[in-house]
Amino acid sequence: MATVAENPAAAAAAVAAAVAVAEDREPQREELPGLDSQWRQIENGESGRERPLRAGESWFLVEKHWYKQWEAYVQGGDQDSSTFPGCINNAALGVLFPSIPTDDHKPILYEINWRLKEGLVEGEDYVLLPAAAWHYLVSWYGLEHGQPPIERKVIELSNIQKVEVYPVELLLVRHNDLGKSHTVQFSHTDSIGLVLRTARERFLVEPQEDTRLWAKNSEGSLDRLYDTHITVLDAALETGQLIIMETRKKDGTWPSAQLHVMNNNMSEEDEDFKGQPGICGLTNLGNTCFMNSALQCLSNVPQLTEYFLNNCYLEELNFRNPLGMKGEIAEAYADLVKQAWSGHHRSIVPHVFKNKVGHFASQFLGYQQHDSQELLSFLLDGLHEDLNRVKKKEYVELCDAAGRPDQEVAQEAWQNHKRRNDSVIVDTFHGLFKSTLVCPDCGNVSVTFDPFCYLSVPLPISHKRVLEVFFIPMDPRRKPEQHRLVVPKKGKISDLCVALSKHMGISPERMMVADVFSHRFYKLYQLEEPLSSILDRDDIFVYEVSGRIEAIEGSREDIVVPVYLWERTPAHDCNNSYYGLMLFGHPLLVSVPRDRFTWEGLYNVLMYRLSRYVTKPNSDDEDDGDEKEDDEEDKDDVPGPSTGGSLRDPEPEQAGPSSGVTNRCPFLLDNCLGTSQWPPRRRRKQLFTLQTVNSNGTSDRTTSPEEVHAQPYIAIDWEPEMKKRYYDEVEIPGMGGTFSSCLSTRRTSSPQLLQLGTEPRDPGRGYVKHDCVGYVMKKAPVRLQECIELFTTVETLEKENPWHCPSCKQHQLATKKLDLWMLPVFLSGQGPRRGWLGEGRERRGCTRINPLPTHRDLDFSEFVIQPQNESNPELYKYDLIAVSNHYGGMRDGHYTTFACNKDSGQWHYFDDNSVSPVNENQIESKAAYVLFYQRQDVARRLLSPAGSSGAPASPACSSPPSSEFMDVN
């Protein structure tokens, strides 16, 4: 780089000295040495022009005509010769445009604008002299008035050293004054950081102000010069290119950002707003509350925030890390922190940050709901790689303990980790745990120490669950009952029956469990099926099926028949037959003795089972009916499907919601019915007809000729007029009440979540509630210490994840134990946001991680196996600083944040762009999802007088003790 650009003040002084030499040469001129001595010093000496080039040194241009005249003078041997060259004159090489400011209140500074002519050739137009030879000539002969020295640097390109005769001339301007530019020369090997420092000096920028550079390209658009460590050559800057310096505003925003933000960050009423730094909301851009909550938590980690506010990140941006994001995530997060902590915003729009995240992590593109913990994981990893101080990662081989002391192995593991990963994230969130694997065959013990950033520990989860069921007794005088049963989570259907039998006094063998949906059997369960196949939202019916119906004499073996309730619509088609069907009520499982399994017998059984809801016709009604039927007997058959086929040669049922159920049903028996419909002709008053249907209950079995040897489903077919006259729709369960609505809509609408402790479903008038319905299985808040205790217990590896034993050379289901060795400065605990049950996706009963009474003094000393410093117990105690809350289910929900301000110590509640102060006793919440804790020794250091006066102390800038982000999964 030219001297002018390297130090403008020094350059001006040099020019002034050169002008003085030109004006008064005789007093400044040293006594001329002998001609032979001059020749040796300029041409052949160690300082002569024949010496080799060295990268970084300065060489000077001398006009070839003057230099030839000097050679003739010294070679002529006569010091008084008329060939005396006079002052050095480089006028033929370029043009000098000096200008002097006229401001009387400032010292005179010379703005140099010297440009060489294009196409000059060494040896023809000029010669190059090293600095020493140049200074000899100037001291002997002087420099022509008004001409500055033409200094050039030696640069190395592709391992070739050369004098950079034509440096890059850049036009420096400020964003708010594009009309005034400064032309400054820079070497191709000068860094962009030097260009930025030169611009700051030229525009007299205060040290505490943030600045950045933009380059205007040939297309007229602006490109950010992100990496200040690359050279002018690498940045592809050219002579005459416009470089714009931008200065951050007081509110933390960049002037250029206003062009990209849809909504101005500061409204007119907020222009003069001055509030508490950090008390700033984030606008919800559309399902971005998860991002807002994560950012608010991370923004209130004091050490990390101070790192960005004090611009420590600028010197550590890693633009060449292939695992990083070219520093863009770090800069976007830094901009967000500076805005939030400027104190000039009530809320800000994180539009630029959202776009950056979506650009580098496609899963966060768009505006779908996501998990705040997943974003935190991505953000911390991205910040680490963007700020990694290791520019070139070396290969590190992981070594087993092999019997060495734990202290030695742990120190080696941590040093190896730091050789590849060294950033403020490692300093703040990384820790170390010990992993011990024991082979069950050969007894080989493997001990390793592994760094962690996200420590996933299990939650102590209850092994019980509560199921809501409806019991349907065989005795029609008893109303169906609603029960709440406590059953094992990993139990079977038989466990549900056993639990119900304790309430009802009925043997489990006399129960059958069914899932009822939309007035039909969705599934009939076998006793050995797992309870996990039942979702909390399912409507589970338990029927009393085996045993005798007291009013009917039976044989030794019963047949259990599924029965649906039909109502035909009053419309007719061209054949004068009914075509509309509608299921109603809940289906039945009816036990019929084999010796009575006829249409007549089945009709009598159903009349008995429905006696609570059906009014039996009197004799007058029967007589009237017989007369009418006799008159019409020869005209029409009974309404319904035509008679034909036999149930002794049945057909397989069509696939439906219970497809496959018949093959698994434990009561498949041959049928003894002779026709598919009954009665074939009415001889006496019948309230309804019976018909065989498929498992859907929507079609006649006779319409499917493929059905063979399948369990019959019977439909009670009501005509509208008969149903209205003899059927009590008020008394029947599931008719007209809330339960009927639940039966028909629960699988087609959004899931209705059953949370323990809420009101049970109201089944309507037709049911009674057992005393157990009021039971609530309370869940005590989970303490983080319990999670760590469970994390550090010995476990056996699963079959899907075996360990390859290096001793016996086999994959083994080894026992594994994890222990905490080194704790982080900041840790976080993640609670359950949602649960998975079977194939459904529903949030389980909420498990609360209670930050209180562990709001302060959360002690981990009992879990750290590294030899402890008993004189400093604060190294193992933590205080809560932030909580990310989640409300709702997996598909939807909302995120908010509790956070403690690092400056005031006041807790606040952040709900997108709304911020309000809260008390510490308001922090406890069932919605707590991610908890952030700060180690007490760090908190004390940050609040010390040295850290609280003026600019707070930033331990992150000086690599504090390692730390960790704990993910309690």
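Cut-offs and rules
Residues numbered from 1 in each chain as written. Predicted model: local features only at pLDDT ≥ 70, side-chain atom pairs only at ≥ 80, totals over all residues. Heavy atoms only, no water. UniProt positions renumbered as here; feature names shortened; annotations may be inferred. 1 Å grid on protein atoms, 1.4 Å probe; cavity = no way out; pocket = protein on both sides within 12 Å on 5 of 7 lines; lining within 4 Å. Points joined across faces, edges and corners; volume = space filled by probe spheres on them. Helix = DSSP H or I, 4+ residues; strand = E, 2+ residues; numbered from the N terminus. Pairing = 2+ DSSP bridges. Axes fitted to C-alpha atoms, helices over the stretch in contact; angles between N-to-C directions. Contact = heavy atoms within 4.5 Å. Buried < 20%, exposed > 50% of the residue type's maximum accessible area, 1.4 Å probe, protein only. Polar contact = N/O pair within 3.5 Å; in protein donor to acceptor, adjacent residues only side chain to side chain. Core = buried A, V, L, I, M, F, W, Y, C linked by side-chain atoms within 4.5 Å. Phe/Tyr/Trp six-rings, centres within 6.5 Å; stacked < 30°, edge-to-face > 60°. Lys NZ or Arg CZ within 6 Å of the ring centre and 35° of its normal. Salt bridge = Lys/Arg side-chain N within 4 Å of Asp/Glu carboxyl O. Parallel < 35°, antiparallel > 145°, perpendicular 65-115°, else oblique. Nonpolar A, V, L, I, M, F, W, Y, C, P; charged D, E, K, R; others polar.

An unreviewed UniProt entry annotates the chain as Ubiquitin carboxyl-terminal hydrolase originating from Colobus angolensis palliatus. The Function (unreviewed entry) field of the UniProt record for the chain holds the comment "Deubiquitinating enzyme that removes conjugated ubiquitin from specific proteins to regulate different cellular processes." Regarding the chain, the relevant UniProt record gives this comment under Catalytic activity (unreviewed entry): "Thiol-dependent hydrolysis of ester, thioester, amide, peptide and isopeptide bonds formed by the C-terminal Gly of ubiquitin (a 76-residue protein attached to proteins as an intracellular targeting signal)."

Q: Give a description of empty space enclosed by the protein that names residues and reports values.
A: With the rule as written, the count across this model stands at eight cavities of 30 Å³ or more. Every residue along the wall of the second largest cavity is listed here: Leu-282, Leu-295, Gln-296, Ser-299, Tyr-333, Leu-336, Val-337 and Ala-340. Those elements that place two or more of their residues in the lining of the second largest cavity are α8 (289–299) and α10 (328–340). Among the elements that take part in the lining of the second largest cavity, α10 stands out by supplying four residues, more than any other.

Q: Tell me about the pairing of strand β39 (residues 914–918), residues and numbers included.
A: Here five bridges tie strand β38 (residues 907–911) to β39, and the two strands are oriented antiparallel to one another. Residue pairing for β39: Phe-910 is matched across the bridge by Val-915. If you look at the hairpin formed by β38 and β39, you'll find two residues sitting between the two strands, and Asp-912 has a positive phi there, around 55 degrees.

Q: Run through the sheet that holds strand β6 (residues 160–163), naming residues and quoting values.
A: Overall, antiparallel pairing links the four strands, which are arranged β4-β1-β5-β6 in an open sheet. Strands with a single pairing partner mark the edges of an open sheet, and in this sheet they are β4 (126–130) and β6. Averaged over neighbouring strand pairs, the angle between their axes works out to 35 degrees when direction is ignored. As paired strands, strand β5 (residues 151–157) and β6 are joined by four bridges and run antiparallel to one another. Paired with Ile-155 across the strands is Lys-162, a residue of β6. Packed onto the sheet, helix α6 (residues 131–141) meets β1 (58–63) and β4 and runs at close to 105 degrees relative to β4.

Q: Pulling in residues and values, what's your account of the side chain of Gln-303?
A: Structurally, Gln-303 is set in helix α9 (residues 302–309). According to the relative accessible area criterion, Gln-303 is buried, its value standing at 0%. A polar atom in the side chain of Gln-303 sits 3.3 Å from the side chain of Thr-428.

Q: Talk me through the nonpolar core; I want residue IDs and the actual numbers.
A: Leu-298, Phe-308 and Tyr-333 are the most contacted members of the largest nonpolar core, which has 54 residues in total. Looking at this core, the element that brings in the most residues is α10, giving eight residues. For Tyr-333, the residues in contact, after removing those within four places along its chain, are Leu-295, Leu-298, Ser-299, Leu-304, Phe-308, Phe-353, Leu-379 and Leu-383. Within the second largest apolar cluster, 27 residues are counted, among which are Val-563, Val-590, Trp-599 and Trp-718.

Q: A description of unusual backbone geometry should follow, citing residues and the corresponding values.
A: One non-glycine residue, Ala-236, lies in positive phi territory at about 60 degrees. Take Ala-236: it is sitting in the loop between β10 (222–224) and β11 (242–247). Phi is positive for Asn-311, close to 60 degrees, though the residue is something other than glycine.

Q: Please provide a residue-by-residue account of the packing of aromatic side chains, values included.
A: Applying the stated criterion across every chain yields a total of 29 aromatic pairs. Ring centres of Phe-688 and Trp-718 lie 5.2 Å apart, and the angle between their planes is 55 degrees; on these two criteria the pair is classed as tilted. Of the two residues, Phe-688 is situated in the loop between β24 (677–678) and β25 (689–693) and Trp-718 in strand β26 (residues 713–718); the sequence distance between them amounts to 30 residues. Each member of the pair Phe-688 and Trp-718 is classed as buried. An aromatic cluster of three or more residues is present, and its members are Phe-470, Phe-521, Phe-541, Tyr-543, Tyr-564 and Tyr-713. Sitting over the face of the ring of Tyr-226, Arg-224 holds its NZ or CZ atom 4.2 Å from the ring centroid. Positioned above the aromatic ring of Tyr-367, the side-chain terminus of Lys-354 is 4.6 Å from the ring centre.

Q: Can you tell me about the pattern of salt bridges, naming the residues and giving the values?
A: Applying the stated criterion across every chain, the model contains 31 salt bridges. The closest approach of N and O atoms between Asp-335 and Arg-248, which form a salt bridge, is 3.2 Å. Here Arg-248 lies in the loop between β11 and β12 (281–282) and Asp-335 lies in helix α10, a separation of 87 residues in the sequence. Take Asp-335: its relative accessible area is 16%, and that puts it in the buried class. Classification of Arg-248 as buried rests on a relative accessible area of 10%. Residues joined by salt bridges that share partners form a network here, namely Glu-316, Arg-389, Lys-418, Asp-422 and Asp-427.

Q: Run through the packing of helix α4 (residues 35–44) against helix α5 (residues 64–76), naming residues and quoting values.
A: Orientation of α4 relative to α5, taken along the N-to-C sense of each, is 140 degrees, at an axis distance of 8 Å. With respect to α5, the element α4 is oriented oblique. Of the residues in α5, those in contact with Leu-35, Gln-38, Trp-39, Ile-42 and Glu-43 of α4 are Tyr-67, Trp-70, Glu-71, Tyr-73, Val-74 and Gln-75. Along the lines of polarity and charge, the residues of the contact of α4 with α5 split into seven nonpolar, two polar and two charged.

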